[in-house]
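Topology and contacts: notes
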Amino acid sequence: MFEATKRGVLVVAVGWTLSACASLPEISRTQEVHDVKVEEGVSPAELYVDPGDEVRWVNLRKEVIFVQIADLQKDDLACQRGFGNWRGALIESIEVEPNQTVSLCFKKPGQVRYNVRAETAVGGGDAVFPGLLRIGESSMPSSSIY
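Presented here is a report on the structure given in the accompanying data block.

Rules of the game
- Residues numbered from 1 in each chain as written.
- Predicted model: local features only at pLDDT ≥ 70, side-chain atom pairs only at ≥ 80, totals over all residues.
- Heavy atoms only, no water.
- Helix = DSSP H or I, 4+ residues; strand = E, 2+ residues; numbered from the N terminus.
- Contact = heavy atoms within 4.5 Å.
- Areas by Shrake-Rupley, 256 points an atom, 1.4 Å probe, with all protein chains shown as cover.
- Salt bridge = Lys/Arg side-chain N within 4 Å of Asp/Glu carboxyl O.
- Buried < 20%, exposed > 50% of the residue type's maximum accessible area, 1.4 Å probe, protein only.
- Polar contact = N/O pair within 3.5 Å; in protein donor to acceptor, adjacent residues only side chain to side chain.
- Pairing = 2+ DSSP bridges.
- Axes fitted to C-alpha atoms, helices over the stretch in contact; angles between N-to-C directions.

What follows covers the overall build of the chain. Tallying secondary structure elements over the chain gives 1 helix and 10 strands in all. For the chain, the sequential pattern of α-helices and β-strands runs α-β-β-β-β-β-β-β-β-β-β. Considering only intrachain contacts with a sequence separation of at least 6, the fraction spanning at least 24 residues in the chain is 58%. Split by element, the accessible area of the chain, about 9,200 Å² in all, is 55% carbon and sulfur.

Now the structure itself:
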């Protein structure tokens, strides 16, 4: 009798899990990953990607960096890693430890401007490295900016 009850609970749990997954929205994410390497600047400073491609910031410095993207919205993203807090809210300025990465996938075409802040011995302050992502664009500039 106890085994039958456990089996019944398992069937209900599996059914509930499958129905919950079926109701999740379809997310368009490709398998393309593009690295933005951060050392003495960002490379490449301007990057062309397709909607759904993953853009990954790689900290190759010996100190912490901050990747900053203003007006970051969940509805514009197909994926994110490292830009969310424990409650699921997006963070516009994220700390990236040395040899670590964070990433985003943007759903729709447009341009995303970002800054990477890093400590520098020159002037005793922070260096700011600007970058630009062109999503779904060829080499022609677009007027759509996130």
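Next, the rest of the story.
Okay, the pattern of salt bridges next. Applying the stated rule across the entire model yields 5 salt bridges. Between aspartate 35 and arginine 56 there is a salt bridge whose closest N-O contact spans 2.7 Å. Within this pair, whereas aspartate 35 is found in strand β1 (residues 33-38), its partner arginine 56 is found in strand β4 (residues 54-59), the two being separated by 21 residues in sequence. Of the residues examined, aspartate 35 reaches a relative accessible area of 28% and is grouped as partly exposed. The exposure class of arginine 56 is partly exposed, given its relative accessible area of 27%. In this structure, the salt-bridge partner of glutamate 63 is arginine 61, at a minimum N-O distance of 3.0 Å. Residue glutamate 63 is classed as partly exposed on the basis of its relative accessible area, which comes to 27%. Look at arginine 61 and you get buried, because its relative accessible area is 11%. Residues participating in the shared-partner salt-bridge network are Glu46, Arg134 and Glu137.

In this fold, glutamate 137 is placed in the segment after β10 (126-135). Among the polar contacts made by the side chain of glutamate 137, one reaches the side chain of arginine 134 at a distance of 3.1 Å.

In this section: the sheet that holds strand β3 (residues 46-49). Taken in spatial order, the 5 strands make up an open sheet running β3-β10-β9-β5-β7, and their pairing is mixed. Every other strand in the sheet has two partners, leaving β3 and β7 (93-96) as the edge strands with one partner each. Strand after strand, the sheet turns through a mean of 25° between neighbouring axes, direction not considered. Inspection of the sheet shows strand β5 (residues 65-68) paired to strand β9 (residues 110-119) by 4 bridges, in the antiparallel sense. Bridged to phenylalanine 66 within β9 is arginine 117.

What follows deals with unusual backbone geometry. Of note, the amide linkage connecting serine 43 to proline 44 takes the cis form, showing an omega dihedral of 0°. By the element assignment, proline 44 lies in the loop between β2 (42-43) and β3. Positive phi, close to 65°, is recorded for asparagine 99, a residue that is not glycine. Assignment of secondary structure puts asparagine 99 in the loop between β7 and β8 (101-106).

Going residue by residue along β3, you find Leu47 and Val49 tucked away on one face and Glu46 and Tyr48 left uncovered on the opposite face. Bridge count between β3 and β10: 4 bridges; the pairing is parallel. In the sheet register, valine 49 faces β10, and the bridge partner there is isoleucine 135.

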